[in-house]
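Next come the chains, spelled out residue by residue.
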Amino acid sequence: MIRRFELKDLMQILEIERNSFPKTPYSVSTLMYLSHYYSFLVYEEDKISGYVVYDPANGHIISIAVRPENRRKSIGSKLMNEVFKDCKRVWLEVRVSNEAAQRFYERLGFQKKGRIERYYGDEDALVMVREG
Ligand SMILES: CC(C)(COP(=O)(O)OP(=O)(O)OC[C@H]1O[C@@H](n2cnc3c(N)ncnc32)[C@H](O)[C@@H]1OP(=O)(O)O)[C@@H](O)C(=O)NCCC(=O)NCCS
């Protein structure tokens with residue numbers, strides 16, 4: 001099921017972060033900040049399998065990740081579909097090297113609209129938009 005983030009989920013989200021973004025995982029304080037200021041949804045089965053954080057005011061996806069062992073089971077798509085119910089126009093940045101995520105977003109109807117040089121410091125970002 002998909003529900004709002006709760007404090008008890010924190011350690012599991014940290015684990016997903018470390019597995020999904022080994023070079024740049026969010027810290028506890030960043031996750032706490034995000035949970036206060038943005039919409040933070042988790043996908044829970046026996047444990048937390050994935051999450052999405054977005055800004056409902058403007059449709060900006062701040063982060064999405066699914067446990068490596070649970071990928072390609074539509075969990076990411078289900079999380080994004082919750083965002084689409086809330087925001088008509090949805091947009092995000094993605095590393096130019098992250099082709100798996102780009103395929104995922106394209107499958108959901110996003111289009112590449114621009115490129116931000118050195119957005120990640122060490123790498124450019126593609127900006128992808130879904131008009132809804
Ligand atoms: C991107 C991510 C969230 C996708 O989650 P997911 O639950 O595996 O995605 P889904 O199962 O809903 O995939 C839906 C479709 O997207 C496409 N897709 C997803 N992952 C893909 C991959 N690795 N390679 C190619 N296409 C992919 C496929 O078309 C897939 O449908 P299919 O499995 O029937 O072929 C997940 O791979 C992830 O956590 N990656 C690491 C973190 C990350 O890069 N986040 C995005 C940062 S911008």
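All figures in this text were calculated on a predicted structure; none of them were measured in a lab.

Trainee: Can you walk me through the nonpolar core in this structure?
Mentor: As a rule of thumb, soluble globular proteins bury nonpolar side chains together. In this structure, Leu-41, Tyr-51, Val-52, Ile-61, Leu-79 and Val-83 are the most contacted members of the largest nonpolar core, which totals 31 residues. Those elements that provide at least two residues to this core are α1 (10-20), α2 (28-37), β2 (39-44), β3 (48-55), β4 (60-66), α3 (75-86), β5 (90-95) and β7 (125-130). Composition of this core by domain shows at least three residues from each of domain 1 (1-87) and domain 2 (89-132). Residues in contact with Val-52, not counting those within four places in the same chain, are Leu-41, Ile-61, Ile-64, Leu-79, Met-80 and Val-83.

Trainee: I keep staring at the site of the ligand and nothing clicks. Help me out?
Mentor: Surrounding the ligand, one finds 18 residues, the nearest of these being Arg-71, Gly-76, Ser-77, Ala-100 and Arg-103. Among the elements of the structure, β4, α3 and α4 (99-107) are those that each provide at least two residues to the shell around the ligand. It is α4 that contributes the most residues to the shell around the ligand, 5 residues altogether. Considered class by class, the residues forming the shell around the ligand number 8 nonpolar, 5 polar and 5 charged.

Trainee: Looking at this model, I keep getting lost on unusual backbone geometry. Mind explaining?
Mentor: The phi torsion of most residues other than glycine is negative, and most of the peptide bonds are trans. Non-glycine residue Arg-72 carries a positive phi angle of around 60°. In this model, Arg-118 sits at a positive phi of 55°, which is unusual for a non-glycine residue.

Trainee: Could you clarify how one ought to interpret the domain arrangement of the protein in this entry?
Mentor: Interface size is commonly expressed as the accessible area that is lost once the parts come together. Domain parsing of the protein yields domain 1 (1-87) and domain 2 (89-132). Counting residues at the interface gives 9 residues for domain 1 and 7 residues for domain 2. Contributing elements (two or more residues each) for the side of domain 1 that touches domain 2: β4 and α3. Looking at the side of domain 1 that touches domain 2, the element that brings in the most residues is α3, giving 5 residues. Residue composition of the side of domain 1 that touches domain 2, by class: 5 nonpolar, 4 polar and no charged.

Trainee: For this particular structure, what's the right way to read the environment of Glu-44?
Mentor: As for its placement among the helices and strands, Glu-44 is situated in strand β2. A sequence separation of 35 residues divides Glu-44 from Asp-9, and the C-alpha atoms of the two residues are 9.7 Å apart. Not counting the four nearest positions on each side in its chain, Glu-44 is found in contact with Met-1 and Arg-3.

Trainee: Explain the pairing of β7 to me, please; I cannot follow it from the model alone.
Mentor: Successive side chains on a regular strand alternate, one facing one side of the sheet and the next facing the other. Because side chains alternate across β7, one face comprises the buried residues Leu-126, Met-128 and Arg-130, and the other comprises Ala-125, Val-127 and Val-129, none of which is buried. Alignment of β5 against β7, held across 6 bridges, turns out to be antiparallel. Considered in β7, the bridge of Val-94 is made with Leu-126. Judged from the 5 bridges that link them, strand β6 (residues 111-116) and β7 form a sheet pairing that is antiparallel. Looking at the pairing, Arg-115 lines up with Leu-126 of β7.

What counts, and at which threshold
- Residues numbered from 1 in each chain as written.
- Predicted model: local features only at pLDDT ≥ 70, side-chain atom pairs only at ≥ 80, totals over all residues.
- Core = buried A, V, L, I, M, F, W, Y, C linked by C-beta atoms within 7 Å.
- Buried ≥ 20, exposed ≤ 12 C-beta atoms within 10 Å, placed from the backbone.
- Helix = DSSP H or I, 4+ residues; strand = E, 2+ residues; numbered from the N terminus.
- Domains from an automatic or database assignment.
- Contact = placed C-beta atoms within 7 Å.
- Near = placed C-beta within 6 Å.
- Nonpolar A, V, L, I, M, F, W, Y, C, P; charged D, E, K, R; others polar.
- Pairing = 2+ DSSP bridges.

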